Amino acid sequence: EDQVTQSPEALRLQEGESSSLNCSYTVSGLRGLFWYRQDPGKGPEFLFTLYSAGEEKEKERLKATLTKKESFLHITAPKPEDSATYLCAVPEEGSNYKLTFGKGTLLTVNP
Amino acid sequence: GAGVSQSPSNKVTEKGKDVELRCDPISGHTALYWYRQRLGQGLEFLIYFQGNSAPDKSGLPSDRFSAERTGESVSTLTIQRTQQEDSAVYLCASSYQGGRETQYFGPGTRLLVL
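Note that the structure is a prediction, hence the values are computed from the model and not measured.

(A) Looking closely at the nonpolar core. Grouped together as the largest cluster of nonpolar side chains are 23 residues, with contacts concentrated most on L33(A), W35(A), F48(A), L62(A), L73(A), Y86(A) and L107(A). Of all the secondary-structure elements, those providing two or more residues to this core are β2 (10-14), β3 (19-25), β4 (33-38), β5 (45-50), β7 (62-66), β8 (70-75), β9 (84-91) and β11 (105-110) of chain A. A per-element tally of this core places β9(A) first, with four residues. Those residues in contact with L107(A) that sit more than four places away from it in its chain are L11(A), L13(A), I75(A), D82(A), S83(A), A84(A) and Y86(A). Of all hydrophobic cores here, the second largest spans 20 residues; its members include V4(B), I47(B), L60(B) and V113(B).

Here's what the structure looks like:
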């Protein structure tokens with residue numbers, strides 16, 4: 001049973017068209033939720049860590065929010081360079097460091 | 001400063017051969033992790049090293065997989081008698097300390113077993 005589910009699997013946007021990616025999790029006693037960006041052929045690049053419901057973090061056109069059961073990554077007025085796979089991860093039950101990753105959302109932003 | 005580095009970046013091997021993958025963590029990071037990313041799957045935890053503590057090997061998929069770390073520096077992941085299902089990207093990450101610290105990833109080694 002997946003502990004982390006990301007949706008949609010793929011998303012195509014036009015440049016400037018804002019949208020949101022979803023990450024839902026089933027672990028109890030959340031010890032942090034991590035968002036990463038992964039470009040083709042590269043390792044994941046850290047974006048945000050969220051620890052408690054209601055927390056929000058922003059970086060350029062990205063804003064991550066967290067509730068008790070899910071996180072959203074909001075992308076405002078995206079640009080083609082935002083195209084990447086976005087991954088979310090949570091520590092598995094009973095661990096602080098063993099991250100369980102979702103399968104990711106492949107975002108394509110067309111000019 | 002320099003990030004996590006991994007070598008080789010790509011490795012093609014024949015079924016049954018042994019391979020060694022290397023990871024250099026960020027300087028000063030005491031914790032080091034190995035993950036595997038298979039096509040269409042999420043990253044899977046393999047092993048965790050923290051300082052001088054015994055490593056957490058609970059994610060290693062079989063006894064063909066092993067890893068070592070020299071002090072708080074370089075780590076080597078070894079896969080013996082490789083199988084085609086071992087084909088994947090092997091990612092190394094490090095963090096300042098263990099626990100809930102953010103993990104920073106290297107570029108990965110792409111392993112193809114023919």
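(B) Quick look at the side chain of T102(B). Its place among the elements puts T102(B) in the loop between β8 (88-95) and β9 (104-105). For T102(B), a relative accessible area of 13% corresponds to the buried category. One polar contact links T102(B) to T49(A), side chain to side chain, over a distance of 3.4 Å. Excluding anything up to four places from it in sequence, T102(B) contacts F34(A), Y36(A), F46(A), T49(A), S94(B) and S95(B).

(C) Broad picture of a nonpolar patch on the surface. Together, V12(B), L112(B) and L114(B) line one region of the surface with nonpolar side chains, adding up to about 280 Å² of accessible area. Inspection of the secondary structure puts V12(B) in strand β2 (residues 10-13).

(D) The pairing of strand β7 (residues 75-79) of chain B, seen in detail. All names here are of chain B. The buried count for β7 comes to four of five residues, which makes it a mostly enclosed element. One ladder, built from five bridges, connects strand β6 (residues 65-69) with β7; its direction is antiparallel. In the strand pairing of β7, A67 is matched with L77. In this structure, the hairpin formed by β6 and β7 is closed by a connection of five residues, where G71 is found at a positive phi of approximately 55°.

(E) Geometry of the state of the cysteines. Residues and elements named next belong to chain B. All told, the structure shown has two disulfides over all chains when counted by the stated rule. Through a disulfide, C23 is tied to C92; the S-S separation comes to 1.8 Å. Here the disulfide of C23 and C92 is left-handed, its torsion about the S-S bond being about -65°. Of this pair, C23 sits in strand β3 (residues 19-24) while C92 sits in strand β8, placing them 69 residues apart in sequence. C92 sits in the buried class, given a relative accessible area of 0%.

(F) Structural view of the packing of aromatic side chains. The tally for this structure, following the rule as stated, stands at eleven aromatic pairs over all chains. Judged by centre distance (5.8 Å) and plane angle (70°), the rings of F46(A) and Y104(B) are edge-to-face. Residue F46(A) is found in strand β5, and its partner Y104(B) is found in strand β9; the two belong to separate chains. For the ring pair Y97(A) and Y48(B), a centre distance of 3.7 Å and an interplane angle of 15° mean the geometry is stacked. Placement of Y97(A) in the loop between β9 and β10 (99-101) and of Y48(B) in strand β5 (residues 44-50) is noted, with the two residues assigned to different chains. Across the pair, exposure class does not vary: Y97(A) and Y48(B) are buried alike. Ring pairing ties together the aromatic residues Y36(A), F46(A), Y97(A), F101(A), Y33(B), Y35(B), F45(B), Y48(B), Y104(B) and F105(B), which thus form one cluster.

(G) Main features of the pattern of salt bridges. Under the counting rule described, the total for this entry stands at eleven salt bridges over all chains. For D24(B), the salt bridge identified is with R22(B), shortest N-O distance 3.0 Å. Judged by relative accessible area, which is 23%, D24(B) ranks as partly exposed. Of the charged contacts, one joins D86(B) and R64(B) as a salt bridge, the two residues approaching to 2.8 Å between their closest N and O atoms. Within this pair, whereas D86(B) is found in the loop between β7 and β8, its partner R64(B) is found in the loop between β5 and β6, the two being separated by 22 residues in sequence. Side by side, D86(B) and R64(B) carry an identical accessibility label, which is buried. Through salt bridges that share partners, E92(A), K98(A) and D56(B) make up one connected network.

(H) Layout of the environment of L33(A). Residues and elements named next belong to chain A. One can find L33 in strand β4. You can call L33 buried: its relative accessible area is 0%. The spacing of L33 and E58 is 25 residues in sequence and 14 Å in space, taken between C-alpha atoms. Ignoring sequence-local partners within four residues, the contact set of L33 consists of C23, Y25, F48, T49, L50, L66, S71, C88, A89 and V90.

Definitions and cut-offs
Residues numbered from 1 in each chain as written. Chains lettered and ligands numbered in written order. Predicted model: local features only at pLDDT ≥ 70, side-chain atom pairs only at ≥ 80, totals over all residues. Heavy atoms only, no water. Core = buried A, V, L, I, M, F, W, Y, C linked by side-chain atoms within 4.5 Å. Buried < 20%, exposed > 50% of the residue type's maximum accessible area, 1.4 Å probe, protein only. Helix = DSSP H or I, 4+ residues; strand = E, 2+ residues; numbered from the N terminus. Contact = heavy atoms within 4.5 Å. Polar contact = N/O pair within 3.5 Å; in protein donor to acceptor, adjacent residues only side chain to side chain. Patch = residues over 30% accessible without salt bridge, like charges linked within 9 Å, V, L, I, M, F, W, Y side chains within 5 Å. Areas by Shrake-Rupley, 256 points an atom, 1.4 Å probe, with all protein chains shown as cover. Salt bridge = Lys/Arg side-chain N within 4 Å of Asp/Glu carboxyl O. Pairing = 2+ DSSP bridges. Disulfide = S-S within 2.5 Å. Phe/Tyr/Trp six-rings, centres within 6.5 Å; stacked < 30°, edge-to-face > 60°.

Note that all results are geometric; they support no functional claim without further evidence.
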